Amino acid sequence: MGKKRKIMALALTMALLLGGARWREPGAVTADGPADIGAGRPLIALTFDDGPRRSTTTQLLDGLAQRGVTATFFLIGEQVEGNEDIIRRMDAEGHQLGVHTWDHVQLTGLGPRDFYAQVERTRSLLAQTVGRESFALRPPYGMVDNGVKKRSGAPIILWSIDPTDWDDKNTQRVVAEVAAQAGDGDIILLHDIYPTSVEAALQIVDILHARGFLFVTVEELASQRHVALEPGETYCDFHP
Ligand SMILES: [Zn+2]
């Protein structure tokens, strides 16, 4: 066994010991391919980082439910406790859940122990909370290196539209930027911990619905574009 393989085997063993880095391609593609859910409509994915936060995330889930929209949430592990009902609600309402580390650290440069404490610990807690696995990873700040790719245990989901909603918390500017950039297959980055971003997200949904867009989860978007998500690979968009 070469040194590299030994290290990989060790990493895998650690991952299994620490709760298991598991990724299963969801919604297995049949011989006929995935059912066409868009019927030719442009598809787009809303993604939300840094939650859950009870006040704002609940308001967002209410607004998305009213509009029949599903989204993808990259969650902070230390914010799960006390918010389990919100996370179960996300899952029950068809939203995709992913990992955004335990307490929002930069993952690049972390050794295996620290990495797994951030990612596997969060993944295990989410698995306990919703009773299933397969959580994609979004590294804080979108920072990825070879170590992150090697240890991710899941696809790494980045984004193609970032209106920096955290910066000035200006709903109208965020809505205008996303509306101007939105195209078929884009992944939009927002944060569900700010009231201004929740309001922006719902306005974005209404504007893009009027343009014929269909909102889907990241998994659905990949599946519709016939992309099999691979652990350790990064994805920014699923443009046609
Ligand atoms: Zn973040």
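Residues numbered from 1 in each chain as written. Predicted model: local features only at pLDDT ≥ 70, side-chain atom pairs only at ≥ 80, totals over all residues. Heavy atoms only, no water.

What about the overall build of the chain?
- Within the chain one finds nine helices and eight strands.
- Burial statistics for the chain: of 240 residues in total, 50% are counted as buried.
- Restricting to contacts in the chain with at least 6 residues of sequence separation, those with at least 24 account for 77%.
- Surface accessibility of the chain: about 10900 Å² in total, with carbon and sulfur atoms responsible for 52%. (Helix = DSSP H or I, 4+ residues; strand = E, 2+ residues; numbered from the N terminus. Buried < 20%, exposed > 50% of the residue type's maximum accessible area, 1.4 Å probe, protein only. Contact = heavy atoms within 4.5 Å. Areas by Shrake-Rupley, 256 points an atom, 1.4 Å probe, with all protein chains shown as cover.)

Observations regarding the nonpolar core
- If you look at the biggest cluster of nonpolar residues, it comprises 44 residues, and the most contacted ones within it are Leu46, Phe48, Leu64 and Phe73.
- When residues in this core are grouped by element, the largest group, seven residues, is from helix H8 (residues 195-210).
- Non-local contacts of Phe73, meaning those with residues more than four positions away in its chain, are made with Phe48, Thr57, Leu60, Leu61, Leu64, Met90, His95, Gln96, Leu97, Gly98 and Asp192.
- Membership of the second largest hydrophobic core comes to 16 residues, among which are Leu43, Leu214, Ala222 and Phe238. (Core = buried A, V, L, I, M, F, W, Y, C linked by side-chain atoms within 4.5 Å.)

Here's the deal with the coordination of the zinc ion
- Only Asp50 (OD), His100 (NE2) and His104 (NE2) from the protein reach the zinc ion as donors, at distances of 2.0 to 2.1 Å.
- Mapping the donors of the zinc ion onto the primary sequence yields the spacing D-x49-H-x3-H.
- Classification of His104 by relative accessible area gives partly exposed; the value is 24%. (Donors = N, O, S within 2.8 Å, 3.2 Å for Na, K, Ca; no water.)

Looking at the side chain of Thr72
- The residue Thr72 is located in strand S2 (residues 72-75) in this model.
- On the basis of relative accessible area, Thr72 is assigned to the buried category, the value being 0%.
- Filtering out sequence-adjacent residues up to four positions away, Thr72 remains in contact with Leu46, Thr47, Phe48, Gln96, Thr217 and Val218.

Describing unusual backbone geometry
- Here the amide bond leading from Gly51 into Pro52 is cis, since omega sits at 0°, within 30 degrees of zero.
- When you line up the elements, Pro52 lands in the loop between strand S1 (43-51) and helix H2 (54-67).
- Positive phi, normally seen in glycine, also occurs at Ser134, with a value near 65°.
- Structurally, the position occupied by Ser134 is in the loop between helix H4 (112-130) and strand S4 (136-137).

Observations concerning the pattern of salt bridges
- Summed over the entire model, instances satisfying the criterion amount to ten salt bridges.
- For Glu120, the salt bridge identified is with Arg123, shortest N-O distance 2.7 Å. Placement of the pair is Glu120 and Arg123 together in helix H4, with a separation of three residues, close to one helical turn.
- Salt bridges here are not isolated pairs; linked through shared partners, they connect Asp62, Arg89 and Glu93. (Salt bridge = Lys/Arg side-chain N within 4 Å of Asp/Glu carboxyl O.)

With respect to the pairing of S1
- The buried fraction of S1 amounts to nine of the nine residues, a majority that puts the element mostly inside the structure.
- Bridge count for S1 against strand S7 (residues 214-215) is two bridges, and the pairing is parallel. Bridging across to S7, Ile44 finds its partner in Phe215.
- Bridge analysis of S1 against strand S6 (residues 186-191) gives six bridges, and the strand direction is parallel. The residue of S6 that forms the bridge with Leu46 is Ile188.
- Judged from the four bridges that link them, S1 and S2 form a sheet pairing that is parallel. Looking at S2, one finds that Asp49 is bridged to Phe74. (Pairing = 2+ DSSP bridges.)

Some remarks on the packing of aromatic side chains
- According to the stated counting rule, one finds three aromatic pairs in the structure shown.
- Taken together, a centroid distance of 5.3 Å and an interplanar angle of 25° make the contact between Phe48 and Phe73 stacked. Note that Phe48 is positioned in strand S1 and Phe73 in strand S2, a separation of 25 residues in sequence.
- We classify Phe73 as buried; its relative accessible area is 0%.
- Summarising the aromatic geometry, the rings of Tyr235 and Phe238 are spaced 5.7 Å apart at their centres and angled 20° between planes, so their arrangement reads as stacked.
- Above the ring of Tyr194, the side-chain terminus of Lys169 is found at 4.9 Å from the ring centroid. (Phe/Tyr/Trp six-rings, centres within 6.5 Å; stacked < 30°, edge-to-face > 60°. Lys NZ or Arg CZ within 6 Å of the ring centre and 35° of its normal.)

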